[in-house]
Amino acid sequence: MSTIEVTSPFDGRVVGEVPFTSVEGVEKAIDLAYEKFLDVDNWIPKYKRIEILENLMKIMSSQVEELTILCASEGGKPYIDSKVEIQRAINGVKIAIEQLGIQEGQEIAMGHTASSANRMAYTMKEPIGVVAAISAFNHPFNLAVHQVIPALAVGCPVIIRPATQTPMSAVKLVELLKEAGLPDGWAQAVVCDRQGGELLVTSPKTAFFTFIGSGPVGWYLNSKSSPGTRAALEHGGVAPVIVEPDADIDAMIPDLGKGGFYHAGQVCVSVQRVYVHESIADEVAAKLSDYASKLVVGDQLDPKTEVGPLINHNEVNRVEEWVNEAVQKGGKILTGGKRISDSCFEPTVIFNPADDALVSTKEVFGPVVIVYSYSNIDEAIKRANALDVSFQAAVFTKNIDTALKAVKRLNGTTVMVNDHTAFRVDWMPFGGAKTSGLGLGGIPDSMNEMQNQKMMVIKSPVL
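Now for a description of the structure that goes with this document. Position numbers for residues count from 1 along each chain, tracking the sequence in the order it is written. Per-residue local features are limited, in this predicted model, to residues with pLDDT of at least 70; the limit for side-chain atom pairs, both in listing and counting, is 80 or more; totals at the level of whole chains, interfaces and linings are taken over all residues. Note: side-chain values were computed over all heavy atoms of the structure, leaving out hydrogens and water.

1. Side note on the sheet that holds strand β5 (residues 130-134)
Any two strands are treated as partners once DSSP identifies two or more bridges connecting them. Where helices and strands are cited, they refer to DSSP runs of H or I of at least four residues and of E of at least two residues respectively, numbered from the N terminus. Spatially, β7-β6-β5-β8-β9-β19 is the arrangement adopted by the six strands of the open sheet, whose pairing is mixed. Both outer strands of the open sheet, β7 (187-189) and β19 (437-438), are each paired with one neighbouring strand and no more. In this sheet, strand β6 (residues 158-161) lies alongside β5 in parallel orientation, the contact comprising four bridges. Considered in β6, the bridge of A133 is made with I160.

Here you go:
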C-alpha cells in the first residue's frame, strides 16, 4: 500500500505519514461495511456500543497533549485552540452516549376511528445503513468525531474520507476506536483521491453521506448520489453581523475579534461582514482594528500564537488578491492587508469596500473582517440578506424589539444576539440553508439523521 506525507501548513515540514487508499481499496472498504450492516444477527448491541464509546473517552482523555499536537501540526490551528478542539471531541463522544438514552420511539394513537379500532402502534429507530463521511481540513479531529461517532452510536458502519491535507486525525480516531474495542470493519478511514471519495457517495451500498466542505463539491456529490441515499451537507457562509447604536462596544469587540480571526478565519461561520450604524461605525472599526493588530501570528505549535497559518500557500495568494481587489473597490485597510510569509497573512480589517467586492460576496476563509456603515437597520438587514448563503448571523443591541426584529428577518439557521456568529456547542443543531447546506449537524441531530423510523402495528380482537 502506498503512503502520503503530511506536512505542516506553517513551514512545510513533514509531520506524519498515512496510508493512501486506491479506488479498489475504497470499494473493498464499502463492501466490508455493507457486509457488517447486512449481518443483522451480529450488529453491535447498544450496551456494547456505549462501552466502546466510554472506553474511547478514557483513552482520548489520557492522550490530550498528544492529540492536540497531532491536530495542530497537520491543520495549522494554534495549539491553544487545538487543545480546545480535542476537549470538545471528548465531550462530543459523551453527548452521543447521553443521546442513546434519550432518543426513542413513541406510541401512535389508535382507536379513535372505526378503522383503527383494536390496534396499537409503536415506532422504533433502526440504523440507516452504511454511512460515508467526507470531511474538511479546518477541525480535523472534532469534525471526524461529529461524523463518525453519531454513526457508530446508532449502529451504522461508517467510512470517513478526511481531507488529504489533514488526514492524520481521522486515521487516529479510527485507531483509537479499535483500541477501545470496536470490531473490525465498523469504522474505516480511507485517504483517497476525489475519484475514491466520489465512489463512497455514489455507491448504492451507501445509505447516508455526510459532507463538510465547499458548496460546489457538496452539491455535485449530492447530485451524483444513488437513489435513496440521504445526505447532510455543511458548506460555508458569509456571516453577517449587525451592530446597532446601543450596542455595548467594549464588550463586543473581543467577541467580534475572536469570531473573525479564530483559526485565521478558516471557519464556516467566521465573522466576516459587520454592518455598523453610521453613528458608531468609525469607533467600532478603530477598536476592532486595534484588537486585530495585537494578535500574535505564527507557528501554530507555539503556545503564544493566536492566529496560525492558512492551510496552504495558494490560500494566502487568494486572500491577498481579494484584499487588493477590495481596496480597488473603495475599501480602506485599517490594519493588516499584507502577507507575513508564504503561509501567514496579517489579521486584516477593511472599511466600506463595495458590496460587489469579492470580500463582500464570497466566503473569505481567511483572517479578514469587513466593516460597513449603514443608516438604518432595514438597510443593514437587506444588505446582509443579499447573498444566496444562509448560515449563522448575529445582532448586537440592548433593545429587545430590535433583537427580535433582526432574528425574524435575517436569513440564517441561527441568529445570535450579542454574540459572534462562530459560537457553537456540540449538542446544538448546526447547519446551513439555501446554498450553505442541507440538513443539520450537531451530535443529536446527526444521530437522528442516521436512523430510520420503523412502526409496528398490532391488531387484536381483545384490545
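Resuming the write-up.
2. Observations regarding the pattern of salt bridges
Where side chains of opposite charge bring their charged atoms close, a pairing between them can arise. The salt bridge criterion pairs a side-chain nitrogen of Lys or Arg with a carboxyl oxygen of Asp or Glu, the two atoms within 4 Å. Under the criterion given, the structure shown has 20 salt bridges. The salt bridge involving E126 is made with K454; its shortest N-O contact spans 3.0 Å. Of this pair, E126 sits in strand β4 (residues 119-127) while K454 sits in strand β20 (residues 451-459); the two residues are 328 residues apart in sequence, bridging distant segments of the chain. Categorising residues by exposure relies on relative accessible area from a 1.4 Å probe, with only protein chains included: less than 20% of the type maximum marks a residue as buried, more than 50% marks it as exposed, and the intermediate range marks it as partly exposed. We classify E126 as partly exposed; its relative accessible area is 25%. A salt bridge links K405 to D378, with the shortest nitrogen-to-oxygen separation between them at 2.9 Å. In this pair, K405 sits in helix α14 (residues 400-409) while D378 sits in helix α13 (residues 377-384), placing the two residues 27 residues apart along the sequence.

3. Side note on the pairing of strand β1 (residues 3-7)
Look at any regular strand and the pattern is simple: side chains alternate between the two faces of the sheet. In terms of strand pairing, β1 meets strand β2 (residues 14-19) through five bridges, oriented antiparallel. Within β2, the position partnered with V6 by the bridge is G16. Following β1, the chain reverses through six residues before pairing antiparallel with β2; G12 in that reversal takes a positive phi of roughly 80°.

4. Description of the state of the cysteines
In this description, the term disulfide denotes a pair of cysteine sulfurs within 2.5 Å. Tallying each qualifying case throughout the model produces zero disulfides. Not engaged in a disulfide, the cysteine C344 finds its nearest cysteine sulfur in C71; these two sulfurs lie 17 Å apart. On the basis of relative accessible area, C344 is assigned to the buried category, the value being 2%.

5. Regarding the packing of helix α5 (residues 140-154) against helix α6 (residues 168-179)
Each axis is a line fitted through C-alpha atoms, taken for helices only over the stretch in contact, and angles between the N-to-C directions span 0 to 180 degrees. Contact geometry of α5 with α6 gives a least axis separation of 9 Å together with a crossing angle of 40°. Considering the angle they form, α5 stands oblique to α6. In this structure, α5 crosses over α6, and the sense of that crossing is right-handed. Contact residues: P140, F141, A144, V145, V148, I149 and L152 in α5; S169, A170, K172, L173, L176 and L177 in α6. Nonpolar residues are Ala, Val, Leu, Ile, Met, Phe, Trp, Tyr, Cys and Pro. Charged residues are Asp, Glu, Lys and Arg, and all others, Gly as well, are polar. Class assignment for the residues of the contact of α5 with α6 results in eleven nonpolar, one polar and one charged. For classification, angles of less than 35 degrees are called roughly parallel, those exceeding 145 degrees roughly antiparallel, those between 65 and 115 degrees roughly perpendicular, and all remaining angles oblique. Should the near helix be turned anticlockwise from the far one by less than a right angle, the crossing is termed left-handed; should it be turned clockwise, right-handed. The contact definition used throughout considers only heavy atoms, calling two residues in contact when any of these lie within 4.5 Å.

Take it as geometry only, folks, not as evidence of what the structure does.
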